[in-house]
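Examining the three-dimensional arrangement
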There are 2 protein chains.
Amino acid sequence: MEHGTRDRIVRSAAKLFLTRSYNAVGIADLCTAADVRKGSFYHFFPSKSDLAKAVVDLHAAEFERQFTQAENEGAQLHAVAGAVAEVQSRFEERFGRIVGCPFGNLAAELSTTDDELRVYVAAVFARWEQRLFDACERAVLRPGVDPGELARMILAQVQGLILLAKVQARPAAEITAGLRMLINAHLLEGVTP
Amino acid sequence: MEHGTRDRIVRSAAKLFLTRSYNAVGIADLCTAADVRKGSFYHFFPSKSDLAKAVVDLHAAEFERQFTQAENEGAQLHAVAGAVAEVQSRFEERFGRIVGCPFGNLAAELSTTDDELRVYVAAVFARWEQRLFDACERAVLRPGVDPGELARMILAQVQGLILLAKVQARPAAEITAGLRMLINAHLLEGVTP
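We now turn to the structure provided with this report. In this text, all values refer to a predicted model and were calculated from it rather than measured experimentally.

All right, on to the overall build of chain A then. If you tally the helices and strands in chain A, you get nine helices and zero strands. Counting from the amino terminus, helix and strand elements in chain A follow one another as α-α-α-α-α-α-α-α-α. Scaling as 2.2 N^0.38, a compact globule of 193 residues should have a C-alpha radius of gyration of about 16 Å, and chain A matches this with 18 Å. Each of the 193 residues in chain A was classed as buried or not, and the buried ones make up 55%. A sequence separation of at least 24 residues applies to 68% of the contacts in chain A between residues at least 6 apart. Taken as a whole, chain A presents about 8,200 Å² of accessible surface, with 51% of it coming from carbon and sulfur. Counting 22 positive and 24 negative side-chain charges, chain A places the centres of these two groups 6 Å from one another.

Have a look at this one:
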């Protein structure tokens, strides 16, 4: 029961932070959406920042699941990098538009005002970059392409493509296409489709 | 005098939106920072959204100036794409850290909640992409590289690199370096340093 209430708060918050923004959503909105009293809310989350961390954990678990699935399906760089586009497609279906990367949104909004949360989100990006690095190391790259540099470039490209799709109200399919193009430019021709 | 007051409000807001975020800054904060009364504030800006547009205009004018200067200095793709890294370096000097792209920050925070502002910011990105497209068309690209696709890729990379530098508290120099690498991968070897 306790677990159910906490979970409901986190899922409601995840949705509201994505469809609006962290600062645009107040504690009262969160309580209404999760159908809990303020006392119950503060029992689970002494601060809004604590809730944000739980929301990051929720999304991170889903991202990890997507990455692992992509890795199991052959460990191709395209699949691993594209796992995020899958998540964006599902957000698009659910919300009718690109709402942004849950980590990128919080990074943009909170990095300058909540250093603890900044570090927390930065750790997610670090794990994500490591996944990409592993996939780049397994790929057959053009001569001179460094796996670490390519991993970082892919991560930045994903974030930039999601942000552009969000502000220009473009479809998630463009994120997938843009990412594919960047990766193809760095793979040895003919090795990977 | 009128002009001076309006200008002071816009510059204070530009600083506060960058160093905190749009929603983290209230009208009271803005009035205090600009040393104006609320009545005066609302005389110039009937809504906070109107102020945000004026802030976008202020930054866009500075960006345009940087692009034009880069174009005049030889119109090299590296210079045009790197104009933004220049702006980030100056923010870094002024604020002691990467505070994000003023357009990217607003795009991430407000695209889902203020559609008029989303369209306004999207127009800045469209002009920016056009500048990059023109520079890509003038560059000697690897066979098969489409100038339009490359322009979009560069824009996305700039946004992603700035966001990563912001959340990971990395130096502006990494934005310049990352951008240079992406561009070099698409230029015909030996043509551009």
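Glancing now at the relation of the copies chain A and chain B. Related by rotation about an axis and a shift along that axis, the two copies of the chain form a pair. Rotating chain A by 180 degrees about the axis while translating it 0.0 Å along that axis superimposes it on chain B, leaving an RMSD of 0.0 Å. The symmetry that links the two subunits is that of a two-fold axis. Minimal C-alpha separation from the rotation axis in chain A is found for Gly160 of chain A, amounting to 2.1 Å. Most of the interface of chain A is mirrored in chain B, where 100% of its interface residues are also at the interface.

A few words now on helix H6 (residues 102-110) of chain A. Counting buried residues along H6 of chain A, nine of its nine residues qualify, which places the element largely inside the surrounding structure. Listed as buried for H6 of chain A are Pro102, Phe103, Gly104, Asn105, Leu106, Ala107, Ala108, Glu109 and Leu110 of chain A.

This part is about the pattern of salt bridges. All chains considered together, the criterion is met by 22 salt bridges over all chains. For Glu129 of chain A, the salt bridge identified is with Arg152 of chain A, shortest N-O distance 3.1 Å. You can see Glu129 of chain A sitting in helix H7 (residues 115-138) and its partner Arg152 of chain A sitting in helix H8 (residues 147-167), a full 23 residues away along the chain. Just as Glu129 of chain A is buried, Arg152 of chain A falls in that class too. Glu62 of chain B is the salt-bridge partner of Arg90 of chain B, the closest N and O atoms lying 2.4 Å from each other. A residue pair is termed long-range when its members are at least 10 positions apart, and Arg90 of chain B in helix H5 (residues 77-95) and Glu62 of chain B in helix H4 (residues 48-72) qualify at 28 residues. Salt bridges linked by common partners bring Glu64, Glu71, Arg127 and Arg131 of chain A together as one network.

To continue, consider the interface of chain A and chain B. Listed as interface residues are 44 residues of chain A and, on the opposing side, 44 residues of chain B. Around 3,600 Å² of area is buried between chain A and chain B when both sides are counted, 64% of it from carbon and sulfur atoms. Viewed at the interface, chain B and chain A are joined by zero salt bridges. Elements with a minimum of two residues in the side of chain A that touches chain B: helix H1 (2-19), H6, H7, H8 and helix H9 (173-184) of chain A. Per element, the largest residue contribution to the side of chain A that touches chain B is 13 residues, and it comes from H8 of chain A. Of the residues contributing to the side of chain A that touches chain B, the split by class is 19 nonpolar, 13 polar and 12 charged.

In this structure the tally under the stated criterion is 20 aromatic pairs over all chains. Here the aromatic rings of Phe63 of chain A and Phe67 of chain A are separated by 6.4 Å at their centres, their planes lie at 70 degrees, and the arrangement is edge-to-face. With Phe63 of chain A and Phe67 of chain A both in helix H4 (residues 48-72) and four residues apart, the pair spans about one turn of that helix. Like Phe67 of chain A, Phe63 of chain A is buried. Between Phe125 of chain B and Trp128 of chain B, the aromatic rings sit 5.8 Å apart at their centres with planes inclined by 5 degrees, giving stacked as the arrangement. In this pair, Phe125 of chain B and Trp128 of chain B both sit in helix H7 (residues 115-138), three residues apart, roughly one turn of the helix. For the pair formed by Phe125 of chain B and Trp128 of chain B, the shared burial category is buried. By way of ring pairs, the aromatic residues Phe63, Phe67, Phe103, Phe125 and Trp128 of chain A are connected into one cluster. In this arrangement the basic side chain of Lys48 of chain A is found over the ring face of Tyr22 of chain A, its NZ or CZ atom lying 4.3 Å from the centre.

Another aspect to go through is unusual backbone geometry. You will see that Asp35 of chain B, though not glycine, has its phi angle at about 55 degrees, which is positive. Its place among the elements puts Asp35 of chain B in the loop between helix H2 (27-34) and helix H3 (38-44).

Bringing a negative patch on the surface into the picture now. Residues and elements named next belong to chain B. Taken together, the side chains of Asp134, Glu137, Asp146 and Glu149 define an acidic patch exposed on the protein surface. Mapped onto the fold, Asp134 is located in helix H7. Judged by relative accessible area, which is 31%, Asp134 ranks as partly exposed.

What follows is about the environment of Asp29 of chain B. All names here are of chain B. Along the chain, Asp29 falls in helix H2. With relative accessibility at 33%, the residue Asp29 sits in the partly exposed group. Expressed as a C-alpha distance, the spacing of Asp29 and Ala13, which sit 16 residues apart in the sequence, is 9.1 Å. Ignoring sequence-local partners within four residues, the contact set of Asp29 consists of Leu16, Arg20 and Ala24.

Cut-offs applied
- Residues numbered from 1 in each chain as written.
- Chains lettered and ligands numbered in written order.
- Predicted model: local features only at pLDDT ≥ 70, side-chain atom pairs only at ≥ 80, totals over all residues.
- Heavy atoms only, no water.
- Helix = DSSP H or I, 4+ residues; strand = E, 2+ residues; numbered from the N terminus.
- Rg over C-alpha atoms; globule rule 2.2 N^0.38 Å.
- Buried < 20%, exposed > 50% of the residue type's maximum accessible area, 1.4 Å probe, protein only.
- Contact = heavy atoms within 4.5 Å.
- Areas by Shrake-Rupley, 256 points an atom, 1.4 Å probe, with all protein chains shown as cover.
- Lys, Arg positive; Asp, Glu negative; His and termini not counted.
- Charge placed at Lys NZ, Arg CZ, Asp CG, Glu CD.
- Least-squares fit on C-alpha atoms with pLDDT ≥ 70 in both.
- Salt bridge = Lys/Arg side-chain N within 4 Å of Asp/Glu carboxyl O.
- Buried area = accessible area lost by both parts, 1.4 Å probe.
- Nonpolar A, V, L, I, M, F, W, Y, C, P; charged D, E, K, R; others polar.
- Phe/Tyr/Trp six-rings, centres within 6.5 Å; stacked < 30°, edge-to-face > 60°.
- Lys NZ or Arg CZ within 6 Å of the ring centre and 35° of its normal.
- Patch = residues over 30% accessible without salt bridge, like charges linked within 9 Å, V, L, I, M, F, W, Y side chains within 5 Å.

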